[in-house]
Amino acid sequence: MITVLGLGFVGLTTALGFSKKGFKVYGIDLDKQRVDSISNYNIPFYEPHLDEALREELGNNFVVDAPLEEAVNNSKAVIICVGTPSNEDGSANLSYIFSAVESVFKASEGEFKVIVTKSTVPPSTISKKVKPFVEEMNRAYNKPIGLASNPEFLREGHAWNDFMNPDRVVIGVEDEDSKEILNQVYIPFNAPVHYVSYNSAEFIKYLSNTLLSTLISFSNEMAMIADHIGDIDVPTAFKILHQDKRWYGTPAAMASYVYPGCGYGGYCLPKDTAALNSIAKDHGFEPKVLEGNLKINEEIKDFVAEKIAAVVPKENTIAILGLAFKSGSDDVRLTPSKFIIEKLLAKGYTNIVAYDPMANEIFDKMYNFPIKYVGSLEDIVEQADDLVLLTAWPEFKENKDLLQSKRLFDFRYTLADLPASVVGDTSA
Ligand SMILES: NC(=O)c1ccc[n+]([C@@H]2O[C@H](COP(=O)([O-])OP(=O)(O)OC[C@H]3O[C@@H](n4cnc5c(N)ncnc54)[C@H](O)[C@@H]3O)[C@@H](O)[C@H]2O)c1
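Residues numbered from 1 in each chain as written. Predicted model: local features only at pLDDT ≥ 70, side-chain atom pairs only at ≥ 80, totals over all residues. Heavy atoms only, no water.

For clarity, the threshold we go by: UniProt positions are given in the numbering used here, feature names are shortened, and annotations may be inferred rather than shown by experiment.
The protein is annotated in an unreviewed UniProt entry as UDP-glucose 6-dehydrogenase from Pontibacter silvestris. UniProt's Catalytic activity (unreviewed entry) comment on the protein is quoted here verbatim: "UDP-alpha-D-glucose + 2 NAD(+) + H2O = UDP-alpha-D-glucuronate + 2 NADH + 3 H(+)".

1. Quick word on helix 6 (residues 125-141)
Which entries qualify depends on this criterion: We count a stretch as a helix when DSSP gives it H or I for four or more residues in a row; a strand needs E for two or more, and each element gets its number in order from the N terminus. Expected span of a helix: the number of residues minus one, times 1.5 Å. Working definition for bend: take the seven residues up to and ending at a residue and the seven starting at it, fit an axis to each, and measure the angle between the axes. The contact criterion used is simple: two residues touch if any of their non-hydrogen atoms lie within 4.5 Å.
Look at helix 6: 22 Å from first C-alpha to last across 17 residues, which is about the 24 Å you get at 1.5 Å a residue. Its axis deflected by about 30° at lysine 131, helix 6 carries its strongest bend there, up to four residues before the proline proline 132. Tucked inside the fold, the buried residues of helix 6 contact helix 5 (95-107), strand 5 (113-117), strand 6 (145-149) and helix 9 (198-229). Directly after helix 6, the chain includes asparagine 142, whose backbone phi takes a positive value near 50°.

2. Quick word on the pattern of salt bridges
Where charged atoms from two side chains of opposite charge approach closely, those side chains can pair. Our working definition: Any Lys or Arg side-chain nitrogen found within 4 Å of a carboxyl oxygen on Asp or Glu counts as a salt bridge. Here's how the labels work: a residue is buried when its accessible area is under 20% of the maximum for its type, exposed when over 50%, partly exposed in between, all with a 1.4 Å probe on protein chains only.
Under the definition given, this model contains 17 salt bridges. Aspartate 302 is the partner of lysine 343 in a salt bridge, and the nearest nitrogen-oxygen pair spans 2.8 Å. Remark: aspartate 302 occurs in helix 12 (residues 289-311) and lysine 343 occurs in helix 13 (residues 336-346); sequence separation between them is 41 residues. Given the relative accessible area of 25%, lysine 343 is considered partly exposed. Note on aspartate 302: relative accessible area 35%, which makes it partly exposed. Look at the salt bridges and you will find they share partners, linking Lys131, Glu135 and Glu174 into a network.

3. Let's talk about the pairing of strand 8 (residues 193-196)
Note the following rule: One requirement defines pairing of two strands: DSSP has to find at least two bridges between them. The crossover handedness rule: strands pointing away from the viewer, path from first strand over the helix to second strand clockwise, crossover right-handed.
Bridge count between strand 7 (residues 169-173) and strand 8: four bridges; the pairing is parallel. Considered in strand 8, the bridge of glycine 172 is made with valine 196. At this point the chain moves from strand 7, through helix 8 (residues 176-186), to the parallel strand 8, and the crossover so formed is right-handed.

4. What about the sheet that holds strand 7?
Strand order across the open sheet formed by eight strands is 3-2-1-4-5-6-7-8, with mixed pairing between neighbours. Every other strand in the sheet has two partners, leaving strand 3 (62-63) and strand 8 as the edge strands with one partner each. The pairing of strand 5 with strand 6 spans five bridges and is parallel. When the sheet's bridge partners are listed, lysine 113 is paired in strand 6 with isoleucine 145.

5. Some details on the packing of aromatic side chains
Where we set the bar: Each pair of aromatic rings taken from Phe, Tyr and Trp, with Trp reduced to its six-membered ring, is defined by centres within 6.5 Å and is described as stacked if the planes are under 30 degrees apart, edge-to-face if over 60, and tilted in the remaining cases. Here, a charge over a ring is recorded when the distance from Lys NZ or Arg CZ to the ring centre is within 6 Å and its angle to the ring normal is within 35 degrees.
In this structure the tally under the stated criterion is 16 aromatic pairs. Each residue in the set Phe18, Phe23, Phe163, Tyr186 and Phe189 is aromatic and connected to the rest through ring pairs, giving one cluster. The side chain of lysine 21 reaches across the aromatic face of phenylalanine 189, ending 4.8 Å from its centre. The ring of tyrosine 267 carries lysine 271 above its face, with NZ or CZ at 4.9 Å from the centroid.

6. Some points on the site of the ligand
Going by this rule: Consider each residue's heavy atoms; a residue with any of them within 4 Å of a molecule or strand counts as near. Definition of a polar contact: a pair of N or O atoms within 3.5 Å, with one able to donate and the other able to accept a hydrogen when the atoms are protein atoms, and with sequence-neighbouring residues admitted only if both atoms are side-chain atoms. All accessibility values rest on the Shrake-Rupley procedure with a 1.4 Å probe; residue burial counts only the protein chains present in the view.
Around the ligand sit 23 residues in total, of which Val10, Asp29, Arg34, Thr84 and Glu156 are the nearest. Within the backbone of valine 10, a nitrogen or oxygen atom sits 2.9 Å from an oxygen atom of the ligand. One nitrogen or oxygen atom from the main chain of threonine 120 is found 2.9 Å from an oxygen atom belonging to the ligand. Contact with the protein chains covers 79% of the free accessible surface of the ligand, which is 840 Å².

7. Notes on the environment of proline 313
Considering the arrangement of structural elements, one finds proline 313 in the loop between helix 12 and strand 9 (318-321). When the C-alpha atoms of proline 313 and aspartate 385 are compared, they prove to be 9.9 Å apart, with 72 residues separating the residues in sequence. Setting aside residues up to four positions removed in sequence, proline 313 forms contacts with Tyr349 and Arg407.

8. Observations regarding the sheet that holds strand 9
Either a parallel or an antiparallel arrangement is found when strands of a sheet pair, and the pairing is made through backbone hydrogen bonds. The five strands lie next to each other as 11-10-9-12-13, forming an open sheet whose pairing is parallel. Both outer strands of the open sheet, strand 11 (372-373) and strand 13 (407-410), are each paired with one neighbouring strand and no more. Relative to strand 12 (residues 386-389), strand 9 runs parallel, the two sharing four bridges. Pairing of isoleucine 318 across the sheet is with aspartate 386, part of strand 12.

9. Details of a nonpolar patch on the surface
Filter applied, for reference: The patch calculation keeps residues exceeding 30% relative accessible area without a salt bridge and links them within 9 Å when they carry like charges or within 5 Å when they are nonpolar (Val, Leu, Ile, Met, Phe, Trp, Tyr).
Judged by side-chain polarity, Leu211, Leu212, Leu215, Tyr257 and Val258 come together as a nonpolar surface patch covering roughly 410 Å² of accessible area. Tracing the backbone shows valine 258 in the loop between helix 10 (234-241) and helix 11 (269-282).

10. Some details on the pairing of strand 4 (residues 77-80)
Of the two faces of strand 4, the one holding Ala77 and Ile79 and the one holding Val78 and Ile80 are both buried throughout. Sheet topology note: the strand 4/strand 5 ladder contains four bridges and is parallel. Residue pairing in the sheet places isoleucine 79 in a bridge with valine 116 of strand 5. With helix 5 bridging strand 4 and the parallel strand 5, this β-α-β connection has right-handed handedness.

Okay, structure coming up:
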């Protein structure tokens, strides 16, 4: 059995969803009016399909007016779906979570169960705040209760379908007993279940929401730039943007642009981003997204150089793997490798060797850096103490074991277990 604490959009959907999948579910909410409404088959907010599910499940698998003690002690998983509103300074208000956690400890009689936070909380909240609180409760009440983070990705207006057919389930968990309970709970969903650290689970949720908000702000900034320049048909421009074939396919090629690396380079993206930023200013508009975008493209290269400098001794031989700005090209104009090598030289690294399957000669000719060029991957790995991967050439992914024979900085995240179309830097 499962208890759900908090019967708002997420909690009521979760409770009815698990009950529809065959679990006995207790739904608990502090708001008496809300509980009365649900007990009378009325959904207290608008969300398609929930009324139908409530009619089917209430009195069958779904119980809504039971005491907390009965619910908690009959459950293996207690799922917290309370609100996490913003504090005045923008941080998340966790008071509802803490009080829900404490209520579970008080109500529990002792058998192992797991508290699952489905509420959205920023990365490090569980590890730095909720976990210590649960440990404190464990000591105070001496009851074996585990902890897991299980962020929810449903969209209001599509809550039922999103919950019943999740495209992914993310679970942050540390102990095996809690993991096993969650494993059972998600079997009927037939979805990929990812077990990760607490911080990763929370981060994945924010990765999703902040991508969406950034895309919206990007689009709104573009509409404002267009308005300042004038004579631009904004909806038509976006409609045509959406015809780009990179939006389609599985995975869509656009995914390769939503993947970290060491900055974009080449002939087009740097100059075109800078030029639009500049002309917007000429027309009296100060872009923030574009300005931030350009700044981050600088800062990522400092980040890369600092990461190396933090651990690599100055006398080591550093191998730069990849000089072209992207794989499949020998274009080295404004390539991240140029800036990163420059920064490493400035930091006092004198033994730098480089290998690119296509761009050794052209890079040497264009930049004339005091570094050595090597003709094959095997040779450069042999010569180097540290490998710094800066272009996602398939050859590097194909020689994972060889690369991992030395300390490797994979700044394109190329060796991750993801489709080549995503980790290949087709974009940047
Ligand atoms: N709304 C969404 O689309 C959505 C999607 C994904 C995640 N989330 C996250 O899920 C969480 C819940 O969101 P929501 O929109 O369902 O919130 P909501 O405000 O609609 O519902 C929260 C409910 O929790 C109840 N509650 C508070 N403390 C309680 C306690 N100690 N015991 C029992 N009930 C308690 C409140 O009375 C309220 O009914 C938030 O962290 C939110 O960020 C929301």
